[in-house]
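Secondary and tertiary structure notes
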Amino acid sequence: MSAPTTPADLVILGGGSGGYAAALRAAELGLSVVLIEKDKVGGTCLHRGCIPTKALLHSGEIADQAREGEQFGVKTSLAGIDMDGVNAYKDGVVSRLYKGLQGLIKSRKINYVEGEGRLVSPTAVSVNGQTYEGRHVLLATGSYSRSIPGVELDGTRVIDSEQALQLDRVPTSAIILGGGVIGCEFASAWKSFGVDVTIIEGLKHLVPLEDESSSKLLERAFRRRKINFELGNLVSSVEHTENGVKVSLQNGKDFEAEIVLVAVGRGPVSQGLGYEEAGVTMDRGYVLVDEYCQTNVPTISAVGDLIPTLQLAHVGFGEGILVAERLAGLPVVPIDYAGVPRVTYSEPEVASVGLTEVQAREKYGEVETLVYDLGGNGRSQILKTQGAVKLIRQKDGPVVGVHMVGSRVGELVAEAQLIFNWEALPDEVAALIHPHPTQSEAIGEAHLALAGKPLHAHS
């Protein structure tokens, strides 16, 4: 293996959200960058995750609107779902973004290497028989879809989320193992396509990491949509039947469907890549880092789904930028992960930032909460969506949690993020005039009410 004579400033293993964000920012700051990716730049998020699933959900929304047009005085009907057409639309969105990203990588003069890389020393990655030396190495190898012990993925009847995105037909029925973000998003899209859906979740609520009030609102909405779910029960076996799959639970209940989607989360891609051999500290496959994304080996950092932080593309972007700026000698501030917005893009959407009520009480003791029902919001009435905005504040202090459920509330979480991260007081937000009629008014109205001067809300 021959090594280049001049080492790069930064060699990045993995071209997903965290890796490519670090590459773009480092190159912008004048560092020389080698970016190594075994598949396609953009990683899981662009090709097999965030982007294609949201396209699928949008197709589902159009299907629902076609069914429900009469509610709005428009005579529409749904002739059917053309999965070839849905997939062409979805793949078209991905393809355009992929081309744009490739153009960005090229324009920043990043040395892009396609191939399966491996860490061979604290400062080098080997790929395609070539070794790339760097003053620093960034590990960004991402994650894979986990399964349940004893549940075999076969790619046809028992599938993961990546295989679910490639389905060429609409199944008649589906069982989804896991009621987290991925499970709820697929349940929502498939129900919109006319699939009979059942979610099995081992914990007590859907989207169990959210505030319990948000989980309950989503469960109520899913009941209205006739999405079935079984909570607080674990799977004991999954077996093929003549026409599909049977899932048996530990409580003795059985469910049958055409397909089973295993959506129990994602695990780090780190095995056999030379991390331990280079002396990197690991835990259950995750690479451990400090608050600046640096490992115990001074020349190695790690970002994204590979480290035990929130598994979100925008977190990967933030971590990648932080590492690039740190290596360029800029002052950097650690990420406050509580201040990162989180969205489940089901119908209705669930969006939040900050602490849940349970977390806030643990941290601050006494807190105040306020729930503003979207029933009082004009735009939400026009859209015929139900839900709420829940605020949590430190007693006589700033807002420490914002939790929202309703159609399109994911678009409101950017303002909620500013409120949390700037430690705004309810009075300060209440003084800002929100445009009418918009759903953003719900945030304004909630803060008016929490400040003791409600307008379109019962005090």
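Residues numbered from 1 in each chain as written. Predicted model: local features only at pLDDT ≥ 70, side-chain atom pairs only at ≥ 80, totals over all residues. Heavy atoms only, no water.

- In the annotation of an unreviewed UniProt entry, the protein is listed under the name Dihydrolipoyl dehydrogenase and assigned to Geodermatophilus normandii.
- Taken directly from UniProt, the Catalytic activity (unreviewed entry) text for the protein runs: "N(6)-[(R)-dihydrolipoyl]-L-lysyl-[protein] + NAD(+) = N(6)-[(R)-lipoyl]-L-lysyl-[protein] + NADH + H(+)".
- Recorded in UniProt under Sequence similarities (unreviewed entry), the annotation for the protein is "Belongs to the class-I pyridine nucleotide-disulfide oxidoreductase family." (UniProt positions renumbered as here; feature names shortened; annotations may be inferred.)

**A look at the packing of helix α1 (residues 17-28) against helix α8 (residues 313-327)**
- Where α1 meets α8, the closest approach of the two axes is 7 Å, and the angle between their N-to-C directions is 35 degrees. Relative to α8, α1 is oriented so that their crossing is right-handed. Each of S17, G18, Y20, A21, A22, R25 and A26 in α1 lies in contact with α8, whose residues at this interface are A313, G316, F317, G320, I321, A324 and E325.
- Among the residues making up the contact of α1 with α8, the classes are represented as 8 nonpolar, 4 polar and 2 charged. (Axes fitted to C-alpha atoms, helices over the stretch in contact; angles between N-to-C directions. Helix = DSSP H or I, 4+ residues; strand = E, 2+ residues; numbered from the N terminus. Left-handed = near helix turned anticlockwise from the far one by under 90°. Contact = heavy atoms within 4.5 Å. Nonpolar A, V, L, I, M, F, W, Y, C, P; charged D, E, K, R; others polar.)

**Structural notes on the UniProt feature "domain: Pyridine nucleotide-disulphide oxidoreductase dimerisation" (unreviewed entry) in the protein**
- UniProt annotation of "domain: Pyridine nucleotide-disulphide oxidoreductase dimerisation" (unreviewed entry) refers to residues 340-446 when read in the numbering used here.
- Helix makes up 32% of residues 340-446 and strand 29%, whereas the separation of the span's terminal C-alpha atoms amounts to 21 Å.

**Focus: the domain arrangement of the protein**
- Examined at the domain level, the protein breaks down into domain 1 (8-142 + 269-328), domain 2 (146-265) and domain 3 (348-451).
- Averaged C-alpha coordinates put domain 1 and domain 3 at centres separated by 31 Å. (Domains from an automatic or database assignment.)

**Remarks on the UniProt feature "domain: FAD/NAD(P)-binding" (unreviewed entry) in the protein**
- Per the UniProt record, "domain: FAD/NAD(P)-binding" (unreviewed entry) is annotated on residues 9-320.
- Secondary structure content for residues 9-320 is 32% helix and 26% strand, while the C-alpha to C-alpha distance between its ends is 15 Å.

**Some words on the packing of helix α3 (residues 50-68) against helix α4 (residues 83-107)**
- Between α3 and α4, whose axes approach to 9 Å, the crossing angle comes to 140 degrees. When the axes of α3 and α4 are compared, the pair comes out oblique. Here the hand of the crossing between α3 and α4 comes out right-handed. Contact residues: α3 offers I51, P52, A55, L56, H58 and S59, while α4 offers M83, V86, Y89, K90, V93, V94 and L97.
- A breakdown of the residues in the contact of α3 with α4 according to their chemical character gives 10 nonpolar, 2 polar and 1 charged. (Parallel < 35°, antiparallel > 145°, perpendicular 65-115°, else oblique.)

**Things to note about unusual backbone geometry**
- Cis peptide bonds are those with omega within 30 degrees of zero, and the linkage from E347 to P348 qualifies with 5 degrees.
- Within the secondary structure, P348 sits in the loop between β20 (342-344) and β21 (349-354).
- H436 connects to P437 through a cis peptide bond whose omega is -5 degrees.
- Along the polypeptide, P437 turns up in the loop between α12 (426-430) and α13 (441-450).
- One non-glycine residue, R284, lies in the positive phi region at around 50 degrees.
- Positionally, R284 belongs in the loop between β17 (282-283) and β18 (286-287).
- On the basis of relative accessible area, R284 is assigned to the exposed category, the value being 63%. (Buried < 20%, exposed > 50% of the residue type's maximum accessible area, 1.4 Å probe, protein only.)

**Description of the pairing of strand β23 (residues 388-394)**
- Most of β23 is tucked away, with 6 of its 7 residues classed as buried.
- When strand β22 (residues 367-373) meets β23, the two strands line up antiparallel, connected through 7 bridges. In the strand pairing of β23, V367 is matched with Q394.
- The sheet contact formed by β23 and strand β24 (residues 399-406) spans 6 bridges and is antiparallel. (Pairing = 2+ DSSP bridges.)

**Brief notes about the sheet that holds β21**
- Read across the open sheet, the 5 strands follow the order β20-β21-β24-β23-β22; overall the sheet is antiparallel. On the outer flanks of this sheet lie β20 and β22, each paired with one strand and no other. With strand direction ignored, the average angle separating the axes of adjacent strands in the sheet is 10 degrees.
- Examined bridge by bridge, β21 and β24 share 6 bridges and lie antiparallel to one another. The partner of A351 across the bridge, within β24, is M404.
- The sheet contacts of helix α7 (residues 212-224) involve β21, β23 and β24, and relative to β24 the element is tilted by about 0 degrees.

**Things to note about the environment of L153**
- Structurally, the position occupied by L153 is in the loop between β7 (143-145) and β8 (158-159).
- Judged by its relative accessible area of 29%, L153 is partly exposed.
- For L153 and Q163, which are 10 residues apart along the polypeptide, the C-alpha to C-alpha distance reads 9.9 Å.
- The residues touching L153, leaving out its near neighbours within four places in the chain, are S147, V158, I159, D160 and V262.

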